[in-house]
Amino acid sequence: MPNVTTKDVIKVYRAGKSEVIALRGLDMAVSDRELVAVRGPSGCGKTTLLNLLGGIDRPTAGRIEVNGSNLVDLSDAELVRYRLQKVGFIFQFFNLVPTLTAEENVELPMRLAGKGPSARSKRTKELLELVGMTKRAVHRPDELSGGEQQRIAIGVALANDPSLLLADEPTGELDTKTGQEVLDLFQRMNQEFGKTIVVVTHDARVSQIAHRILEIRDGKILGEAAAT
Ligand SMILES: Nc1ncnc2c1ncn2[C@@H]1O[C@H](COP(=O)(O)OP(=O)(O)OP(=O)(O)O)[C@@H](O)[C@H]1O
Ligand SMILES: [Mg+2]
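Residues numbered from 1 in each chain as written. Chains lettered and ligands numbered in written order. Predicted model: local features only at pLDDT ≥ 70, side-chain atom pairs only at ≥ 80, totals over all residues.

A. Inspection of the overall build of the protein chain at higher detail. Regarding its fold elements, the protein chain presents six helices and 10 strands. For 228 residues, the compact-globule estimate of 2.2 N^0.38 gives 17 Å, and the protein chain sits close to it at 17 Å. Across the 228 residues that make up the protein chain, the buried fraction comes to 40%. In the protein chain, of all internal contacts separated by at least 6 residues, the share reaching a separation of at least 24 is 69%. (Helix = DSSP H or I, 4+ residues; strand = E, 2+ residues; numbered from the N terminus. Rg over C-alpha atoms; globule rule 2.2 N^0.38 Å. Buried ≥ 20, exposed ≤ 12 C-beta atoms within 10 Å, placed from the backbone. Contact = placed C-beta atoms within 7 Å.)

B. The packing of helix H5 (residues 146-158) against helix H6 (residues 176-191), seen in detail. Their axes nearest at 9 Å, the elements H5 and H6 cross at an angle of 15°. Regarding the angle of H5 to H6, the classification is roughly parallel. For the pair H5 and H6, the crossing hand works out as right-handed. Two secondary-structure elements touch here, H5 through Gly146, Gly147, Gln150, Arg151 and Ile154 and H6 through Thr178, Glu181, Val182 and Leu185. For the contact of H5 with H6, a count of residues per class yields three nonpolar, four polar and two charged. (Axes fitted to C-alpha atoms, helices over the stretch in contact; angles between N-to-C directions. Parallel < 35°, antiparallel > 145°, perpendicular 65-115°, else oblique. Left-handed = near helix turned anticlockwise from the far one by under 90°. Nonpolar A, V, L, I, M, F, W, Y, C, P; charged D, E, K, R; others polar.)

C. Spotlight on the site of ligand 1. The immediate surroundings of ligand 1 are formed by Tyr13, Ala15, Val20, Ala22, Gly40, Ser42, Gly43, Cys44, Gly45, Lys46, Thr47 and Thr48. Listing elements by their share of the shell around ligand 1, those giving two or more residues are strand S1 (2-15), strand S2 (18-31) and helix H1 (46-53). Partitioning the shell around ligand 1 into residue classes produces five nonpolar, six polar and one charged. (Near = placed C-beta within 6 Å.)

D. Structural detail: unusual backbone geometry. In this model, Phe94 sits at a positive phi of 70°, which is unusual for a non-glycine residue. Take Phe94: it is sitting in the loop between strand S6 (87-90) and helix H3 (102-112). Non-glycine residue Asn95 carries a positive phi angle of around 50°. The residue Asn95 is located in the loop between S6 and H3 in this model. According to the C-beta neighbour criterion, Asn95 is partly exposed, with 16 such atoms within 10 Å.

E. Examining the pairing of strand S8 (residues 196-200) more closely. Most of S8 sits out of view: five of its five residues are buried. Of the two faces of S8, both are covered, the one formed by Thr196, Val198 and Val200 as well as the one formed by Ile197 and Val199. Here strand S7 (residues 164-168) runs beside S8; their pairing, made up of five bridges, is parallel. Across the sheet, Leu165 pairs through a bridge with Ile197, a residue of S8. (Pairing = 2+ DSSP bridges.)

F. Seen up close, the pairing of strand S4 (residues 61-66). Looking at chain direction, S4 and strand S5 (residues 69-70) are connected through two bridges and run antiparallel. Looking at the pairing, Val66 lines up with Ser69 of S5. In sequence, S4 turns back onto S5 through a hairpin of two residues, with Asn67 there showing a positive phi of about 50°.

G. Region of the structure containing the nonpolar core. Among the nonpolar cores identified, the biggest contains 56 residues, and Leu53, Leu166, Val198 and Val199 are the most heavily contacted of them. Among the elements that take part in this core, H5 stands out by supplying six residues, more than any other. With residues up to four places along the chain from it excluded, the contact list for Leu166 reads Leu50, Leu53, Gly54, Val87, Phe89 and Val198. (Core = buried A, V, L, I, M, F, W, Y, C linked by C-beta atoms within 7 Å.)

Spatial relationships are all this shows, so hold off on functional conclusions.
Next comes the structure, spelled out in C-alpha coordinates:
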(Lines give C-alpha, C1' and ligand atoms only; values in the text may rest on other atoms or scores of the structure.)
(Ligands and ions follow the chains in the order given, each with its own letter.)
Protein backbone atom coordinates (compact mmCIF):
# COMPACT_ATOMS: atom_id res chain seq x y z
CA MET A 1 0.00 0.00 0.00
CA PRO A 2 1.51 3.35 -0.92
CA ASN A 3 2.04 5.61 2.04
CA VAL A 4 3.16 8.56 -0.03
CA THR A 5 1.97 9.35 -3.55
CA THR A 6 2.63 12.48 -5.54
CA LYS A 7 0.79 13.15 -8.78
CA ASP A 8 1.90 15.77 -11.28
CA VAL A 9 3.39 18.00 -8.60
CA ILE A 10 4.48 21.40 -9.78
CA LYS A 11 6.23 23.95 -7.63
CA VAL A 12 6.97 27.42 -8.88
CA TYR A 13 8.82 29.91 -6.69
CA ARG A 14 8.07 33.51 -7.50
CA ALA A 15 10.27 36.35 -6.36
CA GLY A 16 9.23 39.68 -7.88
CA LYS A 17 9.26 39.19 -11.64
CA SER A 18 11.45 36.12 -11.65
CA GLU A 19 10.10 32.61 -11.56
CA VAL A 20 11.82 29.36 -10.77
CA ILE A 21 10.11 26.11 -11.66
CA ALA A 22 11.54 23.79 -9.01
CA LEU A 23 9.29 20.79 -9.66
CA ARG A 24 7.71 20.17 -13.04
CA GLY A 25 5.24 17.31 -12.87
CA LEU A 26 6.80 15.04 -10.30
CA ASP A 27 5.20 11.61 -9.78
CA MET A 28 6.37 9.22 -7.14
CA ALA A 29 5.01 6.52 -4.86
CA VAL A 30 6.54 5.21 -1.68
CA SER A 31 5.09 2.16 0.01
CA ASP A 32 4.35 1.81 3.66
CA ARG A 33 7.54 0.78 5.53
CA GLU A 34 9.71 1.49 2.53
CA LEU A 35 13.07 3.28 2.79
CA VAL A 36 13.69 5.30 -0.34
CA ALA A 37 16.74 7.39 -1.13
CA VAL A 38 16.49 10.42 -3.42
CA ARG A 39 19.46 11.70 -5.40
CA GLY A 40 20.09 14.33 -8.03
CA PRO A 41 22.24 17.34 -8.83
CA SER A 42 22.13 20.57 -6.86
CA GLY A 43 19.03 22.59 -7.65
CA CYS A 44 17.03 19.67 -9.11
CA GLY A 45 14.29 20.05 -6.49
CA LYS A 46 15.13 17.56 -3.72
CA THR A 47 14.64 19.89 -0.75
CA THR A 48 11.57 21.37 -2.41
CA LEU A 49 10.08 17.87 -2.65
CA LEU A 50 10.77 17.10 1.02
CA ASN A 51 9.27 20.43 2.09
CA LEU A 52 6.08 19.58 0.22
CA LEU A 53 5.91 16.02 1.60
CA GLY A 54 6.48 17.42 5.09
CA GLY A 55 3.79 20.08 4.82
CA ILE A 56 6.35 22.86 5.27
CA ASP A 57 5.28 24.32 1.94
CA ARG A 58 2.43 23.82 -0.52
CA PRO A 59 2.67 22.81 -4.19
CA THR A 60 1.63 25.18 -6.96
CA ALA A 61 -0.33 22.30 -8.53
CA GLY A 62 -0.74 18.56 -8.22
CA ARG A 63 -1.67 16.11 -5.49
CA ILE A 64 0.33 14.89 -2.53
CA GLU A 65 -1.24 12.03 -0.63
CA VAL A 66 0.14 10.76 2.62
CA ASN A 67 -1.72 7.93 4.34
CA GLY A 68 -4.69 8.58 2.12
CA SER A 69 -5.16 12.28 2.80
CA ASN A 70 -4.34 14.88 0.18
CA LEU A 71 -2.16 17.54 1.80
CA VAL A 72 -3.43 20.08 -0.70
CA ASP A 73 -6.92 19.82 0.81
CA LEU A 74 -5.78 20.47 4.39
CA SER A 75 -6.40 23.85 5.99
CA ASP A 76 -3.42 25.71 7.45
CA ALA A 77 -4.33 24.50 10.94
CA GLU A 78 -4.63 20.91 9.74
CA LEU A 79 -1.29 21.21 7.99
CA VAL A 80 0.32 22.38 11.25
CA ARG A 81 -1.11 19.34 12.99
CA TYR A 82 0.11 17.08 10.18
CA ARG A 83 3.63 18.52 10.51
CA LEU A 84 3.65 17.99 14.22
CA GLN A 85 2.19 14.50 14.41
CA LYS A 86 2.49 12.65 11.13
CA VAL A 87 5.99 13.45 9.92
CA GLY A 88 9.44 13.79 11.40
CA PHE A 89 12.07 15.95 9.71
CA ILE A 90 15.83 15.44 9.96
CA PHE A 91 18.05 18.13 8.45
CA GLN A 92 21.68 18.39 7.44
CA PHE A 93 22.46 20.97 10.14
CA PHE A 94 20.58 19.25 12.97
CA ASN A 95 18.16 22.15 13.66
CA LEU A 96 18.01 21.88 17.43
CA VAL A 97 16.91 24.77 19.65
CA PRO A 98 20.28 26.06 20.95
CA THR A 99 18.98 27.26 24.32
CA LEU A 100 17.32 23.96 25.22
CA THR A 101 19.03 20.83 26.53
CA ALA A 102 18.98 17.57 24.58
CA GLU A 103 16.02 16.25 26.57
CA GLU A 104 14.13 19.54 26.31
CA ASN A 105 14.60 19.48 22.55
CA VAL A 106 13.19 15.96 22.36
CA GLU A 107 10.28 16.93 24.59
CA LEU A 108 9.35 20.07 22.66
CA PRO A 109 7.23 18.48 19.88
CA MET A 110 5.27 16.61 22.55
CA ARG A 111 4.62 19.84 24.46
CA LEU A 112 3.41 21.46 21.25
CA ALA A 113 1.13 18.46 20.65
CA GLY A 114 -0.35 18.90 24.13
CA LYS A 115 0.98 15.68 25.67
CA GLY A 116 0.91 15.55 29.49
CA PRO A 117 4.08 15.78 31.64
CA SER A 118 4.35 12.13 32.68
CA ALA A 119 3.80 10.77 29.16
CA ARG A 120 6.34 13.30 27.87
CA SER A 121 8.94 12.38 30.38
CA LYS A 122 8.50 8.65 29.79
CA ARG A 123 8.74 9.01 26.02
CA THR A 124 11.73 11.37 26.25
CA LYS A 125 13.64 8.78 28.28
CA GLU A 126 12.74 6.04 25.79
CA LEU A 127 13.88 8.16 22.85
CA LEU A 128 17.17 9.21 24.44
CA GLU A 129 17.84 5.55 25.15
CA LEU A 130 16.92 4.60 21.59
CA VAL A 131 19.36 7.08 20.04
CA GLY A 132 22.03 6.27 22.60
CA MET A 133 22.08 9.71 24.23
CA THR A 134 20.86 9.09 27.78
CA LYS A 135 24.17 10.30 29.19
CA ARG A 136 23.93 13.59 27.32
CA ALA A 137 20.34 14.42 28.33
CA VAL A 138 21.10 17.70 30.09
CA HIS A 139 23.65 19.03 27.60
CA ARG A 140 22.87 21.85 25.22
CA PRO A 141 23.54 21.42 21.48
CA ASP A 142 26.75 23.49 21.59
CA GLU A 143 28.15 21.01 24.10
CA LEU A 144 27.52 18.06 21.76
CA SER A 145 29.39 16.73 18.73
CA GLY A 146 27.74 16.82 15.31
CA GLY A 147 26.89 13.11 15.47
CA GLU A 148 25.41 13.52 18.94
CA GLN A 149 23.35 16.50 17.80
CA GLN A 150 22.07 14.50 14.85
CA ARG A 151 21.06 11.64 17.13
CA ILE A 152 19.15 14.07 19.33
CA ALA A 153 17.56 15.51 16.18
CA ILE A 154 16.40 11.99 15.28
CA GLY A 155 14.88 11.75 18.76
CA VAL A 156 13.06 15.02 18.13
CA ALA A 157 11.78 13.76 14.77
CA LEU A 158 10.44 10.59 16.42
CA ALA A 159 8.89 12.34 19.43
CA ASN A 160 5.27 12.17 18.35
CA ASP A 161 5.76 8.77 16.72
CA PRO A 162 5.17 9.82 13.09
CA SER A 163 4.79 7.12 10.44
CA LEU A 164 6.87 9.08 7.93
CA LEU A 165 10.44 10.31 8.34
CA LEU A 166 11.95 12.79 5.91
CA ALA A 167 15.66 13.54 5.92
CA ASP A 168 17.70 16.04 3.91
CA GLU A 169 21.41 15.11 3.67
CA PRO A 170 21.42 13.83 7.27
CA THR A 171 25.05 12.68 7.06
CA GLY A 172 26.30 15.68 5.07
CA GLU A 173 28.05 17.27 8.05
CA LEU A 174 29.28 14.10 9.71
CA ASP A 175 32.52 12.16 9.51
CA THR A 176 32.55 8.64 8.06
CA LYS A 177 32.02 6.74 11.29
CA THR A 178 29.36 9.04 12.72
CA GLY A 179 27.58 9.12 9.38
CA GLN A 180 27.46 5.34 9.38
CA GLU A 181 25.95 5.36 12.89
CA VAL A 182 23.23 7.71 11.73
CA LEU A 183 22.49 5.50 8.71
CA ASP A 184 22.33 2.47 11.01
CA LEU A 185 19.80 4.32 13.13
CA PHE A 186 17.71 5.01 10.01
CA GLN A 187 17.80 1.34 9.14
CA ARG A 188 16.63 0.47 12.63
CA MET A 189 13.79 3.00 12.48
CA ASN A 190 12.71 1.38 9.25
CA GLN A 191 13.10 -2.29 10.14
CA GLU A 192 12.30 -2.32 13.82
CA PHE A 193 9.77 0.51 14.08
CA GLY A 194 8.26 0.27 10.61
CA LYS A 195 8.84 3.91 9.67
CA THR A 196 8.48 4.92 6.05
CA ILE A 197 11.59 6.93 5.20
CA VAL A 198 12.46 9.28 2.35
CA VAL A 199 16.06 10.38 2.57
CA VAL A 200 17.81 12.82 0.26
CA THR A 201 21.47 11.98 0.22
CA HIS A 202 24.61 11.66 -1.86
CA ASP A 203 26.08 9.28 0.70
CA ALA A 204 26.96 6.15 -1.31
CA ARG A 205 26.47 3.99 1.77
CA VAL A 206 22.75 4.65 1.66
CA SER A 207 22.46 1.93 -0.97
CA GLN A 208 23.11 -0.53 1.86
CA ILE A 209 19.93 0.49 3.65
CA ALA A 210 17.61 1.84 0.93
CA HIS A 211 15.08 -0.37 -0.86
CA ARG A 212 15.12 1.92 -3.89
CA ILE A 213 17.01 4.96 -5.11
CA LEU A 214 15.08 7.63 -7.03
CA GLU A 215 16.92 9.99 -9.35
CA ILE A 216 15.58 13.50 -9.84
CA ARG A 217 16.56 15.73 -12.76
CA ASP A 218 15.12 19.18 -13.35
CA GLY A 219 12.16 18.73 -11.06
CA LYS A 220 11.07 15.30 -12.28
CA ILE A 221 11.81 11.70 -11.43
CA LEU A 222 14.29 10.53 -14.03
CA GLY A 223 14.34 6.91 -13.01
CA GLU A 224 15.13 4.55 -10.25
CA ALA A 225 17.86 2.16 -9.34
CA ALA A 226 17.51 -0.89 -7.20
CA ALA A 227 19.68 -0.65 -4.13
CA THR A 228 22.14 -3.41 -3.34
N1 LIG B 1 12.42 29.87 -1.57
C2 LIG B 1 12.85 29.84 -2.83
N3 LIG B 1 12.63 30.89 -3.66
C4 LIG B 1 13.04 30.88 -4.95
N5 LIG B 1 13.66 29.83 -5.52
C6 LIG B 1 13.89 28.75 -4.75
C7 LIG B 1 13.51 28.70 -3.38
N8 LIG B 1 13.88 27.50 -2.87
C9 LIG B 1 14.48 26.84 -3.87
N10 LIG B 1 14.48 27.58 -5.01
C11 LIG B 1 15.00 27.15 -6.33
O12 LIG B 1 14.34 25.97 -6.71
C13 LIG B 1 15.23 25.04 -7.32
C14 LIG B 1 15.24 23.75 -6.52
O15 LIG B 1 15.80 24.00 -5.24
P16 LIG B 1 16.01 22.87 -4.14
O17 LIG B 1 16.45 23.55 -2.91
O18 LIG B 1 14.80 22.04 -4.06
O19 LIG B 1 17.20 22.03 -4.79
P20 LIG B 1 18.02 20.80 -4.19
O21 LIG B 1 17.88 19.69 -5.16
O22 LIG B 1 17.63 20.56 -2.79
O23 LIG B 1 19.53 21.34 -4.27
P24 LIG B 1 20.78 21.07 -3.27
O25 LIG B 1 21.31 19.72 -3.63
O26 LIG B 1 21.75 22.16 -3.63
O27 LIG B 1 20.28 21.17 -1.86
C28 LIG B 1 16.57 25.74 -7.36
O29 LIG B 1 16.72 26.33 -8.63
C30 LIG B 1 16.48 26.81 -6.30
O31 LIG B 1 17.27 27.92 -6.61
MG1 LIG C 1 18.62 20.72 -0.96
